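Residues per chain are reported as follows:
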Amino acid sequence: HSGVRLVLTGGVLRSGEHSMVGWVAEDTFSRFHVDKAFLGIGGLDPEIGLTEYNLDDARVKQALIGCGEKKILLADSRKFGRRALASVAPISAVHQIITDKLVDAEMVTLIRKQGIEVTIVCAD
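Every value quoted in this text rests on a predicted model; they were computed, and no experiment measured them.

Draft legend 1. Looking closely at the environment of Ile98. Mapped onto the fold, Ile98 is located in strand β8 (residues 96-100). Once residues lying within four places of it in the same chain are set aside, the contact partners of Ile98 are Ile72, Leu73, Leu74, Ala75, Thr119 and Val121.

Okay, structure coming up:
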């Protein structure tokens, strides 16, 4: 697409995950302001918030959350109720969660009670 501009954060490439981590990636995000910040996560629990398995990933995701006007979490149903090693942010740090139709309805209700929009995508 000719109208798309791709900006890479730089940093250290984590093999297997293909994520960019480290101080270069964190610094890059700290210098940006974006209308919508999309991020994935290792775990999502209504009580303890967003968590990640890797400490470096957690720091980069904190920086990404800090640069976005609207924060949108992309999390499949397997992430709900999961608690990983490193805390990223409280669940209130995101405005919207996009997930799949297999998500636990009770979990969705708890999250919506916190004022977070939950969008369930029914892709077949």
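We are not done yet, so read on.
Draft legend 2. Highlighting the sheet that holds strand β3 (residues 34-39). Strand order in the open sheet formed by 4 strands is β3-β6-β8-β9, and the pairing between neighbours is parallel. What marks the edges here is a single partner per strand, and that holds for β3 and β9 (117-121). On average, each strand axis in the sheet is tilted by 20 degrees relative to the strand beside it, whichever way the strands run. When β8 meets β9, the two strands line up parallel, connected through 5 bridges. Looking at β9, one finds that Asp100 is bridged to Val121. Of the strands in this sheet, β8 and β9 touch helix α3 (residues 105-112), which is tilted by about 150 degrees from β9.

Draft legend 3. Broad picture of the pattern of salt bridges. Tallying each qualifying case throughout the model produces 7 salt bridges. For Asp27, the salt bridge is made with Arg31, and the minimal N-O distance between the two is 2.8 Å. The partner of Asp76 in a salt bridge is Arg78, and the shortest N-O contact between them spans 3.0 Å. Taken together, the shared-partner salt bridges in this structure form one network comprising Asp45, Glu47 and Arg83.

Reading guide: rules and limits
- Residues numbered from 1 in each chain as written.
- Predicted model: local features only at pLDDT ≥ 70, side-chain atom pairs only at ≥ 80, totals over all residues.
- Heavy atoms only, no water.
- Helix = DSSP H or I, 4+ residues; strand = E, 2+ residues; numbered from the N terminus.
- Contact = heavy atoms within 4.5 Å.
- Pairing = 2+ DSSP bridges.
- Axes fitted to C-alpha atoms, helices over the stretch in contact; angles between N-to-C directions.
- Salt bridge = Lys/Arg side-chain N within 4 Å of Asp/Glu carboxyl O.

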